[in-house]
Amino acid sequence: MIKKIIFTLFTFLIFFLLLEGAFRIIYTSWYQIKYKDDILEAELAFYKHDPTLGWIITPNFEGIKPGTKTYYKTNSLGLRDGEYSFQKLNSIYRIICLGDSITEGAAFSNDKTYPKLVEKKLNSKLSGKNFEVINAGISDYGIEQEYILLKKKGLRYDPNAVILGYYLNDGRSFVPSKAIYNEKLENILNESKFLYLLDRCIMKYKIKYQFKIWNKNRHNWIPFYEKGAWSINREERYKLIELAKRDWGLAWTNEGWKRTEFFLRKILDLSKNHKFELVILALPVSIQLYADYDDKYMFIPQEKLKEFCRDNDITFIDMLPILRKFKESDVYSDQCHYTSFGLELVSQAVFESIKNNNF
């Protein structure tokens with residue numbers, strides 16, 4: 001029996017080595033030449049592949065973000081901020097802001113993002129502490145990635161508080177950039193050309209399928225959104241939510257809430273184990289500004305978040321009632337991203353919450 005097992009393992013090893021040799025020839029003579037431009041493009045891309053997070057911002061980047069006029073500076077962990085010591089002084093109160101492109105602030109320079117506006121307000125208006133507010137927002141992140149980012153990188157900063165900037169599409173599942181990944185075997189997996197090409201093959205179709213679904217959905221709801229009939233008609237707003245159910249409309253579905261709640265609880269567990277204050281910042285979609293006050297359906301996502309926060313003693317900041325006091329064009333540049341005035345409102349709401357709750 002033992003001899004059969006050894007023989008099987010030996011045969012498997014020989015077979016793998018033969019495959020590895022063949023694929024090294026294929027990689028050098030065909031794949032690397034055929035996909036040379038793709039490889040170079042990936043190396044020069046602003047967002048880099050990450051095996052556990054899917055993608056991160058290029059670490060240690062300083063300059064104009066490609067394709068924009070926006071100045072960016074990132075640190076060694078790929079966060080849009082400066083370097084911070086992992087050893088924190090007792091006089092420092094450190095806050096990490098998790099989120100997607102809204103938190104990253106893709107249209108604004110580093111100092112105009114809402115986390116840095118909050119930092120400026122705290123240090124100028126509250127005495128006795130030195131506040132550091134770290135921008136850990138990365139475009140198109142969902143709550144699963146935000147949880148992984150906090151666990152993998154954010155906790156290294158020993159935060160006193162974590163603010164989760166929750167947008168309504170954060171319950172989407174994400175596709176990591178590697179199908180075959182094991183942290184302990186990372187070097188072997190990176191060196192093997194057979195496993196590399198197998199991984200690229202799997203991920204090519206997995207990512208293509210996922211983004212095909214997302215893009216198909218965007219093509220459904222964006223033209224309807226641009227027509228604008230939803231701004232004066234309740235039924236049209238309901239129809240738009242249904243059309244966007246694989247994007248921000250997901251927040252109205254049971255699937256979206258179950259996934260959100262699952263990772264909220266995991267982040268909550270981190271807050272208890274690592275003793276930091278958790279804050280949920282609810283960032284609405286622009287069509288909610290037009291909802292009738294008695295239309296409870298339009299406010300389902302915020303009500304679920306509010307109930308979760310109340311039951312778990314979490315500080316909750318709801319931007320919707322604040323934003324409803326203004327015209328959409330004053331606070332939004334599209335259905336979710338903010339104008340400079342909108343970011344000022346967000347930062348003021350966060351500042352007031354921190355001040356009033358005496359973190």
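Residues numbered from 1 in each chain as written. Predicted model: local features only at pLDDT ≥ 70, side-chain atom pairs only at ≥ 80, totals over all residues. Heavy atoms only, no water.

Per the stated rule, a full pass over the model turns up 14 aromatic pairs. Taking 5.2 Å as the distance between ring centres and 55 degrees as the angle between the ring planes, the aromatic pair formed by phenylalanine 86 and tyrosine 157 counts as tilted. On the criterion of sequence distance, the pair formed by phenylalanine 86 in the loop between β4 (71-73) and β5 (92-99) and tyrosine 157 in the loop between α5 (143-152) and β7 (161-167) is long-range, its members being 71 residues apart. The exposure class assigned to phenylalanine 86 is partly exposed, which follows from its relative accessible area of 33%. With centroids separated by 5.1 Å and ring planes inclined at 80 degrees, the aromatic side chains of phenylalanine 326 and phenylalanine 341 adopt a geometry described as edge-to-face. Placement of phenylalanine 326 in the loop between α11 (320-323) and α12 (328-331) and of phenylalanine 341 in helix α13 (residues 340-357) is noted, with a sequence separation of 15 residues between them. (Phe/Tyr/Trp six-rings, centres within 6.5 Å; stacked < 30°, edge-to-face > 60°. Helix = DSSP H or I, 4+ residues; strand = E, 2+ residues; numbered from the N terminus. Buried < 20%, exposed > 50% of the residue type's maximum accessible area, 1.4 Å probe, protein only.)

What the five strands build is an open sheet, ordered β6-β5-β7-β8-β9; its pairing is parallel. In this open sheet, the two strands that pair with only one neighbour each are β6 (130-137) and β9 (315-318). Looking at each pair of strands side by side, their axes are set apart by 20 degrees on average, direction ignored. Across eight bridges, β5 lies against β6 in parallel orientation. In the strand pairing of β6, leucine 98 is matched with alanine 136. Sheet strands touched by helix α9 (residues 254-274): β7 and β8 (277-283). Its angle to β8, the strand with the most contacts, is close to 150 degrees. (Pairing = 2+ DSSP bridges. Axes fitted to C-alpha atoms, helices over the stretch in contact; angles between N-to-C directions. Contact = heavy atoms within 4.5 Å.)

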